[in-house]
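Given next are the chains, with one letter for each unit.
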Amino acid sequence: MGSNLPYAADADSPLKADELQVLRAQYEKEGYYVGVQTKFNYAWGLIKSTSRSEQQEGVRLLSDIFRNAPERRRECLYYLALGNYKLGNYAEARRYNDLLLDHEPANLQASSLGGLIDDKVAKEGLMGVAILSGVAIAAGVVGGMLFKGAKRR
């Protein structure tokens with residue numbers, strides 16, 4: 001990821017456990033009346049986590065902010081894209097990232113993340129082709145063996 005730094009550095013830089021705990025404690029302290037900024041801060045910390053369940057919770061919280069606080073949507077876009085990228089939801093990540101780039105074409109963070117998304121999709125696409133090719137070859141070998149066995153009878 002070297003050439004993409006510092007723009008999409010959030011992709012691989014989790015908070016320390018005690019830093020995330022501070023955000024969690026504030027979120028839990030506010031309880032039912034949690035403020036949008038507190039929820040956003042906690043979601044941001046969760047998205048940066050290496051734990052899949054925390055990343056999922058971060059995306060859920062950001063999605064809630066995105067739906068219910070229209071004035072905060074733009075702020076949510078990058079972290080929704082990042083969270084979905086980290087979860088392997090590349091279509092959703094690209095959708096949110098493209099929305100952000102539509103509004104801010106010069107956003108270097110979003111441009112960098114877009115490159116990471118494209119690289120991952122290309123890499124996984126090639127792996128998928130390799131797997132399908134392997135399955136097709138194996139099926140051909142098995143089919144050939146069965147065909148030879150049937151001919152001998």
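Refer to the preceding data block for the structure.
In what follows, the accompanying structure is described. Given the structure is predicted, the values throughout are model-derived calculations rather than measurements. (Residues numbered from 1 in each chain as written. Predicted model: local features only at pLDDT ≥ 70, side-chain atom pairs only at ≥ 80, totals over all residues. Heavy atoms only, no water.)

**Quick notes on the overall build of the protein chain**
Per the secondary structure count, the protein chain includes six helices and zero strands. Secondary structure elements of the protein chain occur, N-terminal to C-terminal, as α-α-α-α-α-α. A burial count over the protein chain gives 35% of its 153 residues as buried. Taking all contacts inside the protein chain whose residues are at least 6 apart in sequence as the whole, residues at least 24 apart take part in 53%. Accessible surface, the protein chain: about 9,400 Å² in total, of which carbon and sulfur atoms supply 59%. (Helix = DSSP H or I, 4+ residues; strand = E, 2+ residues; numbered from the N terminus. Buried < 20%, exposed > 50% of the residue type's maximum accessible area, 1.4 Å probe, protein only. Contact = heavy atoms within 4.5 Å. Areas by Shrake-Rupley, 256 points an atom, 1.4 Å probe, with all protein chains shown as cover.)

**Looking at the packing of helix 2 (residues 36-47) against helix 4 (residues 73-87)**
Relative orientation of the contacting elements helix 2 and helix 4 amounts to 30°, with a least axis distance of 10 Å. It follows from the interaxial angle that helix 2 and helix 4 lie roughly parallel. Pair helix 2 / helix 4 crosses with left-handed handedness. Contacts between helix 2 and helix 4 pair Phe40, Trp44 and Ile47 from the former with Glu75, Cys76, Tyr79, Leu82, Gly83 and Lys86 from the latter. Split by residue class, the contact of helix 2 with helix 4 holds six nonpolar, one polar and two charged. (Axes fitted to C-alpha atoms, helices over the stretch in contact; angles between N-to-C directions. Parallel < 35°, antiparallel > 145°, perpendicular 65-115°, else oblique. Left-handed = near helix turned anticlockwise from the far one by under 90°. Nonpolar A, V, L, I, M, F, W, Y, C, P; charged D, E, K, R; others polar.)

**As for the packing of helix 1 (residues 17-30) against helix 2**
Where helix 1 contacts helix 2, the two axes come as close as 9 Å, and the packing angle between them is 145°. Judged by the twist between their axes, the crossing of helix 1 over helix 2 is left-handed. Contacts between helix 1 and helix 2 pair Leu20, Leu23, Arg24, Gln26, Tyr27 and Glu30 from the former with Thr38, Lys39, Asn41, Tyr42, Trp44, Gly45 and Leu46 from the latter. Its residues placed into classes, the contact of helix 1 with helix 2 shows six nonpolar, four polar and three charged.

**Structural notes on the packing of aromatic side chains**
For any pair of aromatic rings, the description consists of the separation of the ring centres together with the inter-plane angle of the planes. This model, assessed by the stated rule, comprises six aromatic pairs. Centroid distance Tyr32 to Tyr33: 5.1 Å. Interplanar angle 90°. Geometry classified as edge-to-face. Across the pair, exposure class does not vary: Tyr32 and Tyr33 are exposed alike. Ring geometry for Phe40 against Tyr79: centres 6.1 Å apart, planes inclined by 80°, an arrangement best described as edge-to-face. Highlighted residues: Phe40 in helix 2 and Tyr79 in helix 4, separated in sequence by 39 residues. You can call Phe40 buried: its relative accessible area is 10%. (Phe/Tyr/Trp six-rings, centres within 6.5 Å; stacked < 30°, edge-to-face > 60°.)

**Overview of the pattern of salt bridges**
What the rule picks out here adds up to eight salt bridges. Between Glu75 and Arg72 there is a salt bridge, and its shortest N-O distance comes to 2.3 Å. Its relative accessible area of 13% is what places Arg72 among the buried residues. A salt bridge links Asp118 to Arg94; the shortest N-O distance between them is 2.5 Å. Separated by 24 residues along the polypeptide, Asp118 in helix 6 (residues 108-152) and Arg94 in helix 5 (residues 90-103) bring together distant segments of the chain. Judged by relative accessible area, which is 40%, Asp118 ranks as partly exposed. A residue is classified by how much of its surface remains accessible, and Arg94, at 32% relative accessible area, is partly exposed. Linked by salt bridges that have partners in common, Lys39, Asp64 and Arg67 make up one network. (Salt bridge = Lys/Arg side-chain N within 4 Å of Asp/Glu carboxyl O.)

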